[in-house]
Amino acid sequence: MKCHYCLNSNWEELIKTIKERKEKTVNIVIVGKYTKLEDAYLSVVESIRHAGYKNAVNTKVEFVDSEKITKENVKEKLKKYNGIIVPGGFGNRGIEGMI
């Protein structure tokens, strides 16, 4: 078991990293079928935010409805993002259907 001071110093180091983040922003898009219910992806958004903290960068997360992406418009809809996340799902509207 770690000492209380050690745990506190880890926390303080994380806070310092968050406050001193670089000017760089990483733009991430979540492509899914429940994008109107952003809370459905809350754990994914928080994971992205924490990854940004760890890497000392700002993160911006946007959502795109998977049913509005076609072979014809995919490049245009997703070109401005540094990363694309397609959360898991089931059935013909699940992950394989979205990809």
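Residues numbered from 1 in each chain as written. Predicted model: local features only at pLDDT ≥ 70, side-chain atom pairs only at ≥ 80, totals over all residues. Heavy atoms only, no water.

Draft legend 1. Structural detail: the pairing of strand 2 (residues 58-65). As judged from the eight bridges shared by strand 1 (residues 25-32) and strand 2, these two strands associate in the parallel manner. Bridge assignment links V26 to a residue of strand 2, and that residue is T59. (Pairing = 2+ DSSP bridges. Helix = DSSP H or I, 4+ residues; strand = E, 2+ residues; numbered from the N terminus.)

Draft legend 2. Structural detail: the sheet that holds strand 2. Strand order in the open sheet formed by three strands is 2-1-3, and the pairing between neighbours is parallel. One side of each edge strand has no neighbouring strand; the edge strands of this open sheet are strand 2 and strand 3 (83-85). Each strand of the sheet is rotated relative to its neighbour by a mean of 25 degrees, with strand direction disregarded. Strand contacts of helix 2 (residues 42-54): strand 1, strand 2 and strand 3, with the helix running at about 155 degrees to strand 2, the strand carrying the most contacts. (Axes fitted to C-alpha atoms, helices over the stretch in contact; angles between N-to-C directions. Contact = heavy atoms within 4.5 Å.)

Draft legend 3. Local environment of the environment of E62. Tracing the sequence through the fold places E62 in strand 2. Distance in space between the C-alpha atoms of E62 and V31 is 8.7 Å, their sequence separation being 31 residues. When neighbours within four sequence positions are excluded, E62 is seen to be in contact with I28, V29, I30, K80 and Y81. Within the local environment of E62, its side chain forms a polar contact with the side chain of K60, the two groups lying 3.3 Å apart. Here the side chain of E62 touches K80 through a polar contact of 3.4 Å, side chain to side chain. (Polar contact = N/O pair within 3.5 Å; in protein donor to acceptor, adjacent residues only side chain to side chain.)

Draft legend 4. Highlighting helix 2. Between its terminal C-alpha atoms helix 2 stretches 18 Å, which fits the 18 Å expected from 13 residues at 1.5 Å a residue. All buried positions along helix 2 are accounted for by V45, I48, G52 and Y53. Buried residues along helix 2 cover an arc of 145 degrees about the axis, so they all sit on one side. Projecting away from the buried face of helix 2 at angles above 90 degrees are the exposed residues S43 and K54. (Expected span 1.5 Å × (residues − 1). Buried < 20%, exposed > 50% of the residue type's maximum accessible area, 1.4 Å probe, protein only. Arc of directions from axis to C-beta.)

Purely geometric numbers; function is a separate question.
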